[in-house]
Amino acid sequence: MSYVTHLECSATGEALPAGRLTGLSPAGAPMLVRYDLAAVAARVDRDALAARPATPWRFAELLPLADPADLVSLGETITPLIPLPTQGPGTLWVKDEGLLPTGSFKARGLALAVSMARALGARRLAIPTAGNAGAAMAAYAARAGLQADVFVPADAPRAATDEIRLFGAALHVVDGLIDACGRALAERTAAEGWFDLSTLKEPYRIEGKKTMGLELAQQLGWRLPDAIFYPTGGGTGLIGMAKAFAELKALGWVDGPPPRMVAVQTTGCAPVVRAHAAGRRTVEEPWQNVDTRVHGVRVPKPLGDRLILDGLYESDGFGWAVDDDAVDAARLACARAHGLHLSPEGAACLAAHDQARAAGRLAPDARAVVFNSASGLKSPLPAGV
Ligand SMILES: Cc1ncc(COP(=O)(O)O)c(C=O)c1O
């Protein structure tokens, strides 16, 4: 059984029934899954969860799959929290998502989205991607026996495009960024009969990404960190984690303020950082002339801009942009000092953390978590190796 009560339009609050294939709401906004949290609180003992198998799916009552047999799995695991030293009394952990199937955190959202899509009757899946989401979808679609079409920018990292082809998906190469990929896909969706798994266009990828927040809370003994640095492209993870913390609070499983969510981008594509600095609720203008080697954040105008910015304002968070040279330097330094091969996106978060802490944006004793969203092996090596 599932504790899902309905889907809710994130713009208007309109309630729609769950249990059928769903895209955006009638108002054209992302849909959010709502649960009967009172029933979950009455039936689930938070401290008993540790005895369940060490997978993101141990939080089943807060996830939408009605029948566990519908899960399409490639052996997802709880990812480690690796402590790193800080200058001063603060605490820092890296949550290393590179250990998930296909080497990135995209596995969480796509395992669940593919499982739900198949359970609800989809047979042909399509996605626009910077690379990693497409690789994850291709893998889970292969596992599920579904057809996959993946739209990538012409300069997407080779590791991801190789993987997409390896898994047997149809690879469509588009001249432009992920937004152009999304448009190319949308033009053909109706004629091809694809189900579109674009970021936030269906409600279940966020639920999979939510497990990052649930897992983190449990790993830290239900004492949430003070700040989370997250590489923000489409923002599903940031939105998913903010939703996780709100649900945990409603359940009475955590208390105190939510972690300050820090949206990390690069100076060559920082639409969320700019909108937050200007006090805006949305990204009004797409970022022009995107120029960054950090592929995961190359999203000129995220569809979930309002939800991302809500997540920053509601947690007293902020945006932080680092330049590509700082990303390379952090990646190199972390590998050599700590034996940890971060993705460029993870290295951007580490650089942002170090800069923000040095600038006094965190309390000196703050407990912070940096997300390494993918294995470093998925991207070309930094300059200087
Ligand atoms: C390694 C990596 N980090 C971060 C991101 C951005 O993730 P999100 O869309 O959840 O903001 C991506 C997305 O492509 C990615 O591949």
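This text goes with the structure placed above it.
For clarity, every value in this text was computed on a predicted model and none was experimentally measured.

Rules behind the numbers
Residues numbered from 1 in each chain as written. Predicted model: local features only at pLDDT ≥ 70, side-chain atom pairs only at ≥ 80, totals over all residues. Core = buried A, V, L, I, M, F, W, Y, C linked by C-beta atoms within 7 Å. Buried ≥ 20, exposed ≤ 12 C-beta atoms within 10 Å, placed from the backbone. Contact = placed C-beta atoms within 7 Å. Pairing = 2+ DSSP bridges. Helix = DSSP H or I, 4+ residues; strand = E, 2+ residues; numbered from the N terminus. Axes fitted to C-alpha atoms, helices over the stretch in contact; angles between N-to-C directions. Parallel < 35°, antiparallel > 145°, perpendicular 65-115°, else oblique. Left-handed = near helix turned anticlockwise from the far one by under 90°. Right-handed = clockwise from strand over helix to strand, strands pointing away.

Caption draft 1: Representation of the nonpolar core in the model. Val114, Leu125, Met137, Phe229 and Val262 are the most contacted members of the largest nonpolar core, which has 115 residues in total. Setting aside its immediate chain neighbours within four residues, Met137 contacts Leu110, Val114, Leu125, Ile127, Ala148, Val150 and Leu197.

Caption draft 2: Summary view of the pairing of strand 1 (residues 4-9). Two elements, strand 1 and strand 3 (residues 31-35), share five bridges in a ladder whose sense is antiparallel. Note that in strand 3 the partner of Cys9 across the bridge is Met31. Pairing of strand 1 with strand 2 (residues 15-16), which is carried by two bridges, proceeds in the antiparallel orientation. Considered in strand 2, the bridge of Glu8 is made with Ala15.

Caption draft 3: Geometry of the packing of helix 3 (residues 132-144) against helix 4 (residues 158-166). Relative to each other, helix 3 and helix 4 sit at 20°, their axes nearing to 8 Å. In this view, helix 3 runs roughly parallel relative to helix 4, as classed from their interaxial angle. Here helix 3 and helix 4 pass one another in a crossing that is left-handed. Along the contact surface, helix 3 presents Asn132, Gly134, Ala135 and Ala138, while helix 4 presents Ala160, Glu163 and Ile164.

Caption draft 4: How the structure looks around the sheet that holds strand 9 (residues 195-196). One open sheet holds the four strands; their spatial order is 8-7-6-9, and the pairing between them is parallel. Sheet topology places strand 8 (170-174) and strand 9 at the edges, where each strand pairs with a single neighbour.

Caption draft 5: Highlighting the pairing of strand 7 (residues 147-153). When you tally the buried positions in strand 7, you get six out of seven residues, the bulk of the element. As paired elements, strand 6 (residues 124-128) and strand 7 share five bridges and run parallel to each other. Following the sheet pairing, Ile127 is matched in strand 7 by Val150. In this view, the connection linking strand 6 to its parallel neighbour strand 7 by way of helix 3 has right-handed handedness.

Caption draft 6: Structural view of unusual backbone geometry. If you check the backbone angles, Thr102 has positive phi at about 65° while not being a glycine. Structurally, Thr102 is set in the loop between strand 5 (91-96) and helix 2 (106-119). For Thr102, a count of 27 C-beta atoms within 10 Å translates into the label buried.

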